[in-house]
Amino acid sequence: MSWHVLGAGSLGSLWAARLSRAGVPVQLILRDERRLASYRQTGALTLVEGDHASQHVIPARSLADDTPIERLLLACKAYDAADAIERVAHRLAPGAEVILLQNGLGSQDEVLERLPGRRCLFASSTEGAFRDGDWRVVFAGQGHTWIGDPADITAPSWLIDLQRSRIAHTWSPDILARLWRKLALNCAINPLTVLHGCRNGELAGYREDVDGLCAELEVLLRGCGQAEAAEHLQADVWRVIEATAANYSSMYQDVAGGRRTEVSYLLGYACTAGDRHGLSLPRLHALQQRLLAYLHSRGLPRH
Ligand SMILES: NC(=O)C1=CN([C@@H]2O[C@H](COP(=O)(O)OP(=O)(O)OC[C@H]3O[C@@H](n4cnc5c(N)ncnc54)[C@H](OP(=O)(O)O)[C@@H]3O)[C@@H](O)[C@H]2O)C=CC1
Ligand SMILES: CC(C)(CO)C(=O)C(=O)O
């Protein structure tokens, strides 16, 4: 059974190249005929690992193709997920499964709404990859991917493909707790790095702000029924800040690169969920206002 990977961006290319290298059948779904022509001209995806680059000739079709899909890895940004899934939903074969690789929360529900009755699995990844050219991805940070299905704790048989492909992963029956925890980490770190224009490690100079946000994020997680994800959050945030001290957060990098951020699926989702549960989260709301104003001042979308 073939994998279809929608979105040959950083993570999509990283997954497709490793699956292909292990002999697992995989195809790319590209945005349109123009992107398909560009890919065909290059002829392969390049995966850069350390100082080694390897080429992977992976078949590709455009979104307009109509061949059936049995297993789909949705590897676009959170804000593109709903639109992308609408465009391929009619191609999903009976029993097809969809793996959602988006960071944050909210996009998963948008996809589920559009795929009633289908099995959708959620993933949360700490792997790091970026594109340093068209059809070329750099595997920048070894990490781990947790995969789970809030509606069904049965592990899918295709995890064996990931094992063969050496994609480090764990089946996670409580994937929502993982996604909430990662969202909380991202909310405590990423917006402040954007507003202060700093690396993660420089947040040590804004300890009171970070700790204040952690306290509210714990209230949020508990209020949203995610008490486990709230445990020792503050200590974990400082652990991540120290472990990634020299790095710029993904949101910082998006803003610096003039790219749209996933703010609606991170801090935006947190504030909306807090309101829905009647929680008082003044620091998170103030941070959201400052961040949105800043994005606007840089000519970037506020959603
Ligand atoms: N990169 C990383 O290290 C990590 C990323 N993540 C998360 O993974 C998700 C994906 O991120 P990332 O891989 O970095 O994103 P990228 O922007 O690198 O890749 C997204 C890809 O999706 C494609 N795409 C968007 N809409 C469509 C569509 N309708 N049809 C076909 N292709 C489409 C884009 O196409 P085009 O190139 O034509 O614009 C692009 O190639 C995000 O939620 C991110 O937060 C999580 C952990 C780490
Ligand atoms: C490293 C970390 C946890 C910082 O929030 C991250 O995931 C990001 O930059 O998006």
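Residues numbered from 1 in each chain as written. Chains lettered and ligands numbered in written order. Predicted model: local features only at pLDDT ≥ 70, side-chain atom pairs only at ≥ 80, totals over all residues. Heavy atoms only, no water.

Trainee: I tried to follow the pairing of strand E2 (residues 26–30) on my own but got confused; where do I start?
Mentor: Each regular strand shows side chains that alternate between the opposite faces of the sheet. E2 sits mainly inside the fold: four of its five residues count as buried. Bridge analysis of strand E1 (residues 3–6) against E2 gives four bridges, and the strand direction is parallel. Bridge pairing in E2 places His4 opposite Gln27. Note on the crossover from E1 through helix H1 (residues 10–21) to E2: the handedness is right-handed. (Buried < 20%, exposed > 50% of the residue type's maximum accessible area, 1.4 Å probe, protein only. Helix = DSSP H or I, 4+ residues; strand = E, 2+ residues; numbered from the N terminus. Pairing = 2+ DSSP bridges. Right-handed = clockwise from strand over helix to strand, strands pointing away.)

Trainee: Whenever I open this one, the site of ligand 2 confuses me. Can you help?
Mentor: Taken together, Lys182, Asn186, Ile189, Asn190, Val240, Ser249 and Ser250 make up the full set of residues adjacent to ligand 2. One of the side-chain nitrogen or oxygen atoms of Asn190 is found 2.4 Å away from an oxygen atom of ligand 2. Relative to its unbound accessible area of 280 Å², ligand 2 is 81% covered by the protein chains. Looking at the shell around ligand 2 element by element, the count peaks at four residues for helix H6 (residues 175–196). Grouping the constituent residues of the shell around ligand 2 by class yields two nonpolar, four polar and one charged. (Near = heavy atom within 4 Å. Polar contact = N/O pair within 3.5 Å; in protein donor to acceptor, adjacent residues only side chain to side chain. Areas by Shrake-Rupley, 256 points an atom, 1.4 Å probe, with all protein chains shown as cover. Nonpolar A, V, L, I, M, F, W, Y, C, P; charged D, E, K, R; others polar.)

Trainee: How should I be thinking about the side chain of Asp254 in this particular structure?
Mentor: Along the chain, Asp254 turns up in helix H10 (residues 250–256). Overall, Asp254 belongs to the buried group, its relative accessible area being 10%. Those residues within four positions of Asp254 in sequence are excluded, and the remaining contacts are Lys77, Arg259, Arg260 and Thr261. (Contact = heavy atoms within 4.5 Å.)

Trainee: Would you explain the sheet that holds strand E10 (residues 136–141) in this entry?
Mentor: Strand pairs in the sheet, formed through backbone hydrogen bonds, run parallel or antiparallel to each other. With mixed pairing, four strands are arranged side by side in an open sheet as E4-E3-E10-E9. Two strands bound the open sheet, and with one partner strand each, they are strand E4 (52–56) and strand E9 (128–133). Going from strand to strand, the sheet's axes swing by 25 degrees on average, the running direction of each strand aside. Here E9 runs beside E10; their pairing, made up of five bridges, is antiparallel. Of the residues in E10, the one forming a bridge with Phe130 is Val138. With respect to the sheet, H1 is in contact with strand E3 (45–49), E4, E9 and E10, its orientation differing from that of E3 by roughly 95 degrees. (Axes fitted to C-alpha atoms, helices over the stretch in contact; angles between N-to-C directions.)

Trainee: Honestly, the domain arrangement of the chain in this entry has me stumped. Any pointers?
Mentor: Many descriptions give the size of an interface as the accessible area lost when the pieces come together. In terms of domain boundaries, the chain breaks down into domain 1 (3–173) and domain 2 (177–298). Each of domain 1 and domain 2 was reduced to a C-alpha centroid, and the two centroids are 26 Å apart. Counting residues at the interface gives 18 residues for domain 1 and 13 residues for domain 2. Buried surface at the junction of domain 1 and domain 2, both sides included, amounts to about 1500 Å², of which 58% is carbon and sulfur. Summed over the three residues of domain 1 that lose the most area to domain 2, namely Tyr79, Asn103 and Leu105, the buried surface amounts to 49% of that side. Inspection of the domain 1/domain 2 interface yields zero salt bridges. Taken together, the connections running from domain 1 to domain 2 amount to six residue pairs in polar contact (both at pLDDT 80 or more). Looking at the side of domain 1 that touches domain 2, the elements with two or more residues in it are helix H3 (78–88), helix H4 (107–114) and strand E8 (119–125). (Domains from an automatic or database assignment. Buried area = accessible area lost by both parts, 1.4 Å probe. Salt bridge = Lys/Arg side-chain N within 4 Å of Asp/Glu carboxyl O.)

Trainee: Got a minute to help me understand the UniProt feature "domain: Ketopantoate reductase N-terminal" (unreviewed entry) in the chain in this structure?
Mentor: According to UniProt, the "domain: Ketopantoate reductase N-terminal" (unreviewed entry) feature falls on residues 3–150. Between the end C-alpha atoms of residues 3–150 there is a gap of 22 Å, over a span that is 28% helix and 41% strand. (UniProt positions renumbered as here; feature names shortened; annotations may be inferred.)

Trainee: It is not clear to me how the nonpolar core should be interpreted in this structure. Could you clarify?
Mentor: General note: in soluble globular proteins, nonpolar side chains tend to be found buried as a group. Ranked by size, the top nonpolar core spans 65 residues in total, and within it Leu72, Leu74, Trp180 and Val237 carry the most contacts. Of all the elements, H6 adds the most residues to this core, at twelve residues. For this core, the two domains that each supply at least three residues are domain 1 (3–173) and domain 2 (177–298). Ranked by size, the runner-up nonpolar core spans 28 residues in total, among them Tyr39, Trp135, Ile167 and Trp171. (Core = buried A, V, L, I, M, F, W, Y, C linked by side-chain atoms within 4.5 Å.)

Trainee: How should the pattern of salt bridges be read in this particular structure?
Mentor: Note on pairing: side chains with opposite charge can pair once their charged atoms come close. In the structure shown here, the tally under the stated rule is 17 salt bridges. Asp152 is the salt-bridge partner of Arg119, the closest N and O atoms lying 3.8 Å from each other. On the criterion of sequence distance, the pair formed by Arg119 in strand E8 and Asp152 in the loop between strand E11 (145–148) and helix H5 (159–164) is long-range, its members being 33 residues apart. Arg119 gets classed as buried once you look at its relative accessible area, which sits at 17%.

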